[in-house]
Structures are given as C-alpha cells and as structure tokens.
Amino acid sequence: MKRHLKIVACFLTLLILIQGCSIYKQVSPPYEEAMQHNARVRVKYPDHQAVKFNSIEIIEVNIYGVKKVSGKTVKTLINTEKATSIQVKDKTWSWIVSIGVPTVILGLAAIEVSETGFMGE
C-alpha cells in the first residue's frame, strides 16, 4: 500500500512541477515576426535576466512587451540594444510536456500496478 501511495505522490508532484512549464523556441526571430505569432515571449538580457510578456507590440519605432498585472494591461518598453535574444513560446512542445509526459508516467504506473496487483498481491 505504501508503494502505491509513493507512486501517486510522485505523480502528483510531477504534475504540479510541469503545470507551469513553458518551452520557448531557440531561434531568435525578428521582433515583427514575434509580434505576428501573438504568443508569449521571453526577452533575454546579457545579465541572464529573462523577462516574460504575454505578447509584444510595435508602436511607432518602439517595441513594448505587454502583460497583465492585477487585471490591467501594462506595456513595458523593451531595450532592443541590450536584449540578447527574443524567444517565442513553442505551443506544441509546451502542450506535449504539460499533457504528454504526465500521461505516459501515469500509463507506466498503471501497467506496474496491474502487473503487481493493486495491493502488491
């Protein structure tokens, strides 16, 4: 019985850890292309600081990162001279990691339980 509880606890822990996981494309597209994707964006700076935005907008010649804070839309000017890269969220891989990995782990746990019996009989 303890073994099964341990498996369930590990699975639930994995779900919690992976739930907020986002995978970003390694290619650094131009800002205009990132704006067309209308997806989450991560801007990296030389000091290894990464700032995440819900999307980006180009207003006149300035590029702004857009995110919601306390229900209000906030636009932050992105310093393009200091930014080392911009990465667009890869929706496909983020979905696979968030849904696929826990499903496979749950399947493997179910197979193990069915082979050993529910109570280790």
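Structure's up top.
Residues numbered from 1 in each chain as written. Predicted model: local features only at pLDDT ≥ 70, side-chain atom pairs only at ≥ 80, totals over all residues. Heavy atoms only, no water.

Which parts of the structure should I look at to understand unusual backbone geometry?
Most of the time, phi is negative for any residue but glycine, and the peptide bond is trans. Not every positive phi belongs to a glycine, and Glu-60 is a case in point at roughly 55°. Since its relative accessible area comes to 75%, Glu-60 is described here as exposed. Look at Ser-70: it is not a glycine, yet its phi comes out positive at around 55°. Structurally, the position occupied by Ser-70 is in the loop between strand 4 (62–69) and strand 5 (72–77). (Buried < 20%, exposed > 50% of the residue type's maximum accessible area, 1.4 Å probe, protein only. Helix = DSSP H or I, 4+ residues; strand = E, 2+ residues; numbered from the N terminus.)

Explain a nonpolar patch on the surface to me, please; I cannot follow it from the model alone.
A surface patch of nonpolar side chains, about 440 Å² in accessible area, is lined by Trp-93, Trp-95, Ile-96 and Ile-99. Tracing the backbone through its elements, the reader meets Trp-95 in helix 3 (residues 91–116). Assessed through its relative accessible area of 56%, Trp-95 is described here as exposed. (Patch = residues over 30% accessible without salt bridge, like charges linked within 9 Å, V, L, I, M, F, W, Y side chains within 5 Å. Areas by Shrake-Rupley, 256 points an atom, 1.4 Å probe, with all protein chains shown as cover. Salt bridge = Lys/Arg side-chain N within 4 Å of Asp/Glu carboxyl O.)

How should the pattern of salt bridges be read in this particular structure?
Close approach of charged atoms allows side chains of opposite charge to pair. Scanning the entire structure with this criterion turns up 1 salt bridge. Note that Glu-57 is salt-bridged to Lys-75, the shortest N-O span being 2.9 Å. Within this pair, whereas Glu-57 is found in strand 3 (residues 55–59), its partner Lys-75 is found in strand 5, the two being separated by 18 residues in sequence.

What's the story with the pairing of strand 5 in this structure? I'm lost.
Every other side chain in a regular strand lies on the same face of the sheet, so the side chains alternate between the two faces. For strand 4 and strand 5, the ladder comprises 6 bridges, and the chain directions are antiparallel. Each bridged residue has a counterpart across the sheet, and for Lys-67 the counterpart in strand 5 is Val-74. Linking strand 4 back to strand 5 in an antiparallel pair, the connection comprises 2 residues, with Ser-70 at a positive phi of about 55°. (Pairing = 2+ DSSP bridges.)

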